[in-house]
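Structural features, examined
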Amino acid sequence: MTNTAEAREILVGIDPARDCHMQLAWAADDAHRRRRPLRLLVAVPAPHHVQHVDASTRMKAQLREGERALAAAASWVRERHDDVEVATDVLDGHPAHVLIRQSGRARMIVLGSRHLSRTEEFLSAGSLVVPVSAQARCPVAVVGDAEHVTQETPYLVVGVDGSESSGAALALAFEEASLRGATLRALWVWQPPVLFSLKDEPTLVQTQRSLLSETVAGWAEKYPDVALTHEVPVGHPVEELARAAEHALAVVVGRRGNGGYMGMRLGSVVHGLLHRAHCPVFTVPVT
């Protein structure tokens, strides 16, 4: 398989112990829209003492369970979209490590979310959302809630702050909005400095609005079919983006850096949205 072909696939992490239908449906629909193949993956960590008979037996049982879960998931996807090419894999290793390694060959990774608190996320042995979102080399879509497809005018939200990472987020947000026939709401959240005069706020917000307009201008020309709005709310980025995305198809944000150990040093805005937003969240690295 060539590198170009490998980079086309959408990768879905499957947990045999959980109901994955929501993220499967989202991934299958996106693969259908993009005309891309889907690869479903189960990762099985090796036991610490592989020589032990019980450990070896447990691992074999986990492998069989993973294969059954993948077969059922693949069948479900084909029933939903018979034109989507589906492949399955059971790989050895910790799920987060495996997905991060595989991210170099993926167009996107799709994960489910249990909306754990930050402490629960950090302590959960099976947690994937934080480390994968922080370290994957491709965009990561975290599907904790269903898309708001009943919204009369479907829309996506993208967070902009002038950084290289938010430029990567804009690229994906415009692409998704075009594919879905949705409006795109571009937000540059302004946080007032500790010391400033209230009478200066309108001028400062207008300056921010001009910067936002300049930042998205090139993308708006590339995607003339996407209806675009510019918004500069005043407040905390997590709260304002989550509020704007309350009825959105998804919210898209950029990711700075590659995370810390196991990706636990995820940016505060991205981390906050993963737990606060009630729609799918895209995290986009700089490529």
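See the structure above.
Because the structure is predicted, anything quoted here is derived from the model rather than measured.

So, how was this worked out
Residue positions within a chain follow its written sequence, with the count starting from 1. With pLDDT at 70 or above as the cut-off, local features in this predicted model cover only qualifying residues; side-chain atom pairs require 80 or more to be listed or tallied, and sums for whole chains, interfaces and linings still use all residues. Note that the side-chain values use all heavy atoms of the structure and ignore hydrogens as well as water. Think of each axis as a best-fit line through the C-alpha atoms, taken over the contacting stretch in the case of a helix, with angles from 0 to 180 degrees between the N-to-C directions. Each helix is a run of DSSP H or I of at least 4 residues and each strand a run of E of at least 2, with the numbering of both proceeding from the N terminus. For this classification, under 35 degrees means roughly parallel, over 145 means roughly antiparallel, 65 to 115 means roughly perpendicular, and everything else is oblique. Note on convention: near helix rotated counterclockwise from far helix by under a right angle means a left-handed crossing. Clockwise means right-handed. Here, residues are in contact when the closest pair of their heavy atoms is within 4.5 Å. Residue polarity follows a fixed list, in which Ala, Val, Leu, Ile, Met, Phe, Trp, Tyr, Cys and Pro are nonpolar, Asp, Glu, Lys and Arg are charged, and the others, Gly among them, are polar. Note on pairing: two strands pair once DSSP finds at least 2 bridges between them. Using a 1.4 Å probe on the protein chains alone, a residue whose accessible area is under 20% of its type maximum counts as buried, one over 50% counts as exposed, and one in between counts as partly exposed. If you view a crossover with the strands going away from you and the path from the first strand over the helix to the second runs clockwise, you call it right-handed.

Attention now goes to the packing of helix H9 (residues 237-244) against helix H10 (residues 268-276). Look at H9 against H10: their axes get within 9 Å of each other, and the N-to-C directions meet at 40°. Classified by the angle between their axes, H9 and H10 sit oblique to one another. Crossing geometry of H9 relative to H10 is assigned as right-handed. Listed contacts from H10 to Pro237, Val238, Glu239, Leu241 and Ala242 of H9 are Ser268, Val269, Gly272, Leu273 and Arg276. Classifying every residue of the contact of H9 with H10 gives 6 nonpolar, 2 polar and 2 charged.

As a further point, take the packing of helix H2 (residues 21-34) against helix H7 (residues 164-180). Contact geometry of H2 with H7 gives a least axis separation of 10 Å together with a crossing angle of 85°. By the angle between their directions, the pair H2 and H7 is classed as roughly perpendicular. Residues Trp26, Asp30, Arg33 and Arg34 of H2 form the contact with H7, whose own contacting residues are Leu172, Glu175, Glu176, Leu179 and Arg180. For the contact of H2 with H7, a count of residues per class yields 3 nonpolar, no polar and 6 charged.

As a further point, take the sheet that holds strand S5 (residues 140-143). Read from one edge to the other, the open sheet built from 10 strands follows the order S3-S2-S1-S4-S5-S10-S9-S6-S7-S8, with strand pairing classed as mixed. Of all the strands in the sheet, the pair left with one neighbour each is strand S3 (86-92) and strand S8 (228-231). The sheet shows a mean angle of 20° between the axes of neighbouring strands, taken without regard to direction.

Within strand S1 (residues 9-13), 5 of the 5 residues are buried, which leaves the element mostly enclosed by the surrounding structure. With burial as the criterion, each face of S1 is covered, one bearing Glu9, Leu11 and Gly13 and the other bearing Ile10 and Val12. Here S1 runs beside strand S2 (residues 38-44); their pairing, made up of 4 bridges, is parallel. What sits directly across from Gly13, in S2, is Leu41. You can see the chain leave S1, run along H2 and come back into S2, and the turn it takes is right-handed.

Honestly, that's just the spatial picture; any functional story needs more than this.
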